Structures are given as structure tokens and as C-alpha cells.
Amino acid sequence: MQNRRVVLLSNHSLLSASIQSLLQSEANFQFYTVAADEPKMSTKLKKKNPHAIIIDSGDASLGEDIITRLLGQHPRAKVIALNFDQRGINVYGVNRVVKSDINGLMDALRGRR
């Protein structure tokens, strides 16, 4: 099985250490941390070619549109937002379906692929 590349985008070392500790016990994960305030953050993320990007949704340093930006730059990756205030996890991804007629639009609106 192929290793899954997971990148934590964070400025918090405690969060990074906790997630790394969790993933070390699981096989087939490569874990990386990229500092959210790193000037070359986008370049570092692109080099890692992640399967999943984990963020703290309450981290204001990431900016308001971080999920949209990450999905635009890494459309094959899942963006996993940890929400500590609400004790939840939100998973975002791009589901691209190419349809070229009105039926394709209607299928998308109805939740069909």
C-alpha cells in the first residue's frame, strides 16, 4: 500500500507533536509539519504533494479563505479542519465532474455524479 502524505499546517508545536504521535502508530503515513506563517508555505506544501492537509480552523493566522485556497492549489488532497471550539472535524475535498450540458448541471444540483 502506498504511503499517505499528511501535512499539518500549523504554528503550534503541541498540536503538531500530538498529531505526529497519533500517526506514528499507524502504518502507511508520512507526516510533515509546515509552519503556517512560513513565507514559502505554498512552495513547501506543493513539494510534499499531500494526500491530506490538516489545519486548526480556529487559527486566525491562516486567513479566512484558507480552505478555498488549499483546495484550489491541491485539488486531489483532502483538507481536514480541526475545530476545537465545537469539538468537531470537517473534511473538505474537490469532487470534479465534467459535464457539458444542462443535464449535467441538473445532476450536480440534485447531488448526482
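Residues numbered from 1 in each chain as written. Predicted model: local features only at pLDDT ≥ 70, side-chain atom pairs only at ≥ 80, totals over all residues. Heavy atoms only, no water.

Chemist: Tell me about the side chain of Ser 16, and name the residues and values.
Modeler: If you trace the backbone, Ser 16 turns up in helix 1 (residues 13–24). By relative accessible area, which is 11% here, Ser 16 ends up buried. With residues up to four places along the chain from it excluded, the contact list for Ser 16 reads Leu 8, Phe 31 and Thr 33. (Helix = DSSP H or I, 4+ residues; strand = E, 2+ residues; numbered from the N terminus. Buried < 20%, exposed > 50% of the residue type's maximum accessible area, 1.4 Å probe, protein only. Contact = heavy atoms within 4.5 Å.)

Chemist: So what about the pairing of strand 5 (residues 88–92)? Which residues, and what values?
Modeler: Both strand 4 (residues 78–83) and strand 5 contribute to a ladder of five bridges, which runs antiparallel. Counterpart to Ala 81 in the pairing with strand 5 is Asn 90. The turn joining strand 4 and strand 5, which pair antiparallel and follow one another in sequence, is formed by four residues; a positive phi near 50° is taken by Arg 87. (Pairing = 2+ DSSP bridges.)

Chemist: So, helix 3 (residues 66–73): which residues are in play, and what are the values?
Modeler: Considered for burial, the residues of helix 3 that qualify are Ile 66, Ile 67, Leu 70 and Leu 71. For helix 3, the angular spread of buried residues about the axis comes to 125°, placing them on one side. Along helix 3, the residues that are exposed and aim more than 90 degrees away from the buried face are Thr 68 and Gly 72. In this fold, the buried residues of helix 3 make contact with strand 1 (4–9), helix 2 (41–48), strand 3 (52–56), strand 4 and strand 5. (Arc of directions from axis to C-beta.)

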